[in-house]
Amino acid sequence: MGSPEPKDGGVRPLGDIDRVIHEPARLMILMYLYSVKSADFVFLMRAAGLTWGNLSSHLSKLEESGYVKIEKQFLDKKPHTMIQLTGRGRKAFRDYRQTMQRALGNLGN
Amino acid sequence: MSQQITLGKVRRRTLRLINFEDGLWDILLGSVFLMLSIYPVTRRLLGPAFNLLLFVAVLAILIAGQLHARRVFSAPRTGVVKSRRTPARTVTLAINAVLVIATVGLVITTLLFPQAISGSRWGALPGWVSDMGVDIIVMLVLIGFFSLMAYVFGIPRLYLYGWLVGVGNLASTALHLYPGYTFNLPLAIAAGTIVVIGVALFIRFLHKYPIPTEEA
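In what follows, the accompanying structure is described. (Residues numbered from 1 in each chain as written. Chains lettered and ligands numbered in written order. Predicted model: local features only at pLDDT ≥ 70, side-chain atom pairs only at ≥ 80, totals over all residues. Heavy atoms only, no water.)

## Things to note about the overall build of chain A
Logical step 1: Tallying secondary structure elements over chain A gives 4 helices and 3 strands in all.
Logical step 2: Going residue by residue from the N terminus, the α and β elements of chain A occur as α-β-α-α-β-β-α.
Logical step 3: Every one of the 109 residues in chain A was classed for burial, and the buried ones make up 45%.
Logical step 4: Contacts spanning at least 24 positions in sequence make up 54% of the contacts within chain A whose residues lie at least 6 apart. (Helix = DSSP H or I, 4+ residues; strand = E, 2+ residues; numbered from the N terminus. Buried < 20%, exposed > 50% of the residue type's maximum accessible area, 1.4 Å probe, protein only. Contact = heavy atoms within 4.5 Å.)

## Points about the packing of aromatic side chains
Any pair of aromatic rings gets described here by the distance separating the centres and the angle formed by the planes.
All names here are of chain B.
Logical step 1: Counting across every chain of the model gives 9 aromatic pairs over all chains.
Logical step 2: Arranged with centres 5.5 Å apart and planes meeting at 90°, the rings of phenylalanine 73 and phenylalanine 202 form a pair that is edge-to-face. With phenylalanine 73 in helix 3 (residues 48-78) and phenylalanine 202 in helix 7 (residues 185-208), the pair connects residues that are 129 residues apart, well separated along the chain.
Logical step 3: Taking the relative accessible area as the measure of exposure, phenylalanine 73 reaches 35% and is therefore partly exposed.
Logical step 4: With centroids separated by 5.6 Å and ring planes inclined at 70°, the aromatic side chains of phenylalanine 145 and phenylalanine 146 adopt a geometry described as edge-to-face. Like phenylalanine 146, phenylalanine 145 is buried. (Phe/Tyr/Trp six-rings, centres within 6.5 Å; stacked < 30°, edge-to-face > 60°.)

## A closer look at the nonpolar core
Logical step 1: Counting residues in each nonpolar core, the largest one holds 39 residues, and the members touching the most others are Ile29, Leu33, Phe43, Leu44, Leu55, Leu59 and Leu62 of chain A.
Logical step 2: Only helix 1 (24-34), helix 2 (41-48), helix 3 (52-64), strand 3 (78-85) and helix 4 (87-105) of chain A together with helix 1 (7-20) of chain B provide two or more residues apiece to this core.
Logical step 3: Among the elements that line this core, the one with the most residues is helix 1 of chain A, at 8 residues.
Logical step 4: Dropping the residues within four chain positions of it, leucine 33 of chain A is found in contact with Ala39, Leu44, Val68, Ile83, Gln84, Leu85 and Arg90 of chain A.
Logical step 5: One finds Ile155, Tyr161, Val165 and Ala191 of chain B within the second-largest nonpolar core, a separate group that totals 25 residues. (Core = buried A, V, L, I, M, F, W, Y, C linked by side-chain atoms within 4.5 Å.)

## Some remarks on the interface of chain A and chain B
Logical step 1: Across the boundary between the two partners, chain A contributes 27 residues, which contact 26 residues of chain B.
Logical step 2: Contact between chain A and chain B buries roughly 2,200 Å² in total, counting both sides, with carbon and sulfur atoms accounting for 65%.
Logical step 3: Interface area lost by chain A to chain B is led by Phe43, Arg46 and Trp52 of chain A, which between them contribute 29%.
Logical step 4: The interface formed by chain A and chain B holds 0 salt bridges in total.
Logical step 5: Those elements that place two or more of their residues in the side of chain A that touches chain B are helix 1, strand 1 (38-40), helix 2, helix 3, strand 2 (68-75), strand 3 and helix 4 of chain A.
Logical step 6: By residue class, the composition of the side of chain A that touches chain B is 15 nonpolar, 6 polar and 6 charged.
Logical step 7: In terms of strand pairing, strand 1 of chain A meets strand 1 (residues 81-82) of chain B through 2 bridges, oriented antiparallel. (Buried area = accessible area lost by both parts, 1.4 Å probe. Salt bridge = Lys/Arg side-chain N within 4 Å of Asp/Glu carboxyl O. Nonpolar A, V, L, I, M, F, W, Y, C, P; charged D, E, K, R; others polar. Pairing = 2+ DSSP bridges.)

## Regarding the pattern of salt bridges
All names here are of chain A.
Logical step 1: Scanning all chains against the criterion turns up 5 salt bridges over all chains.
Logical step 2: One salt bridge connects aspartate 95 with lysine 91, and the closest N-O pair in it is separated by 2.7 Å. Here aspartate 95 pairs with lysine 91, and both are found in helix 4, just 4 residues apart, close to one helical turn.
Logical step 3: In this structure lysine 91 comes out as partly exposed when scored by relative accessible area, which is 48%.

## A few points about the packing of helix 2 (residues 24-46) of chain B against helix 7 of chain B
All names here are of chain B.
Logical step 1: For the pair helix 2 and helix 7, the least separation of the axes is 7 Å and the interaxial angle reads 160°. With respect to helix 7, the element helix 2 is oriented roughly antiparallel. The two elements helix 2 and helix 7 meet at a crossing, and its hand is left-handed. Of the residues in helix 7, those touching helix 2 at Leu24, Asp26, Ile27, Leu29, Gly30, Ser31, Phe33, Leu34, Leu36 and Ser37 are Leu187, Ala188, Ala191, Gly192, Ile194, Val195, Gly198, Val199, Leu201 and Phe202. (Axes fitted to C-alpha atoms, helices over the stretch in contact; angles between N-to-C directions. Parallel < 35°, antiparallel > 145°, perpendicular 65-115°, else oblique. Left-handed = near helix turned anticlockwise from the far one by under 90°.)

## Description of the environment of leucine 140 of chain B
All names here are of chain B.
Logical step 1: Relative to the helices and strands, leucine 140 is located in helix 5 (residues 127-153).
Logical step 2: Its relative accessible area of 52% is what places leucine 140 among the exposed residues.
Logical step 3: In this structure, the C-alpha to C-alpha distance between leucine 140 and valine 80, residues 60 residues apart in sequence, is 36 Å.

## Some details on helix 1 of chain A
Residue and element names in this part refer to chain A.
Logical step 1: Helix 1 sits mainly inside the fold: 9 of its 11 residues count as buried.
Logical step 2: For helix 1, the set of buried residues is Ala25, Arg26, Met28, Ile29, Leu30, Met31, Tyr32, Leu33 and Tyr34.
Logical step 3: Here helix 1 starts with a cap whose side-chain oxygen sits 2.8 Å from the backbone nitrogen of alanine 25, and that cap is glutamate 23. (Polar contact = N/O pair within 3.5 Å; in protein donor to acceptor, adjacent residues only side chain to side chain.)

Put into structure tokens, the structure is as follows:
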């Protein structure tokens, strides 16, 4: 859906930024999930440097927004929580990247 | 966060954390080159057919052992990741497989036939070059291959491994020029060093990444 050039010279209002993604810890979680098919709770905890409770809280928020899908599986008879981005989550992350690149790219003009 | 974070760095960090942090890959690599260093000796003792069977069997055991150790020790500590199948990844895996097979094949060839693949073709060159020409190329291939891996994956110790096995292999085949020399000691020392580094990394990994427990 193409939109005409805004009157402000091409700087898309930062108010349009997706605030669910814009939180640093959730952004980090989504970056890792974007680069893989799925990852488990322990990996995200290690990679993003979050505590168990902290990660759980952020994942709940992302799941409420429909950006991630959380599946409880059994691996070697042990419970395992696998997390993956939904199609909506991937699109939202791509849109967020483009918005930030456009907004920050115009800072120097 | 003091350094710039990009998706490329995230992918590399994922790869490092899952595949190279625990030192198991280093132990496997060093063990394979250790086997290659004694390949000519066991070949003389067992004959070519049984020696090849033994090599393949031990290799299968080493790989199975590494996968099992990863499941038991590493996965509970660093987690589980399923990679996305993209065309680029498939091509990368295929190229890696070809390079690994070619590298192992070259090393075996130079260790088993140090004289047969040099000589008359290189007649116009000085004697030591015509004797060692292919071995020098193998050394450069090994150094280049490991250096490329080090750069792509962001793992500096792979630069060292390239030089260790490259120079180790060259020194081993050079010593074969002396009659009576049978054991590839330089390559064995290089391989042993890699195994020791791998063991040290594994011990550090166990301490650095305790098995996480769910907070109350």
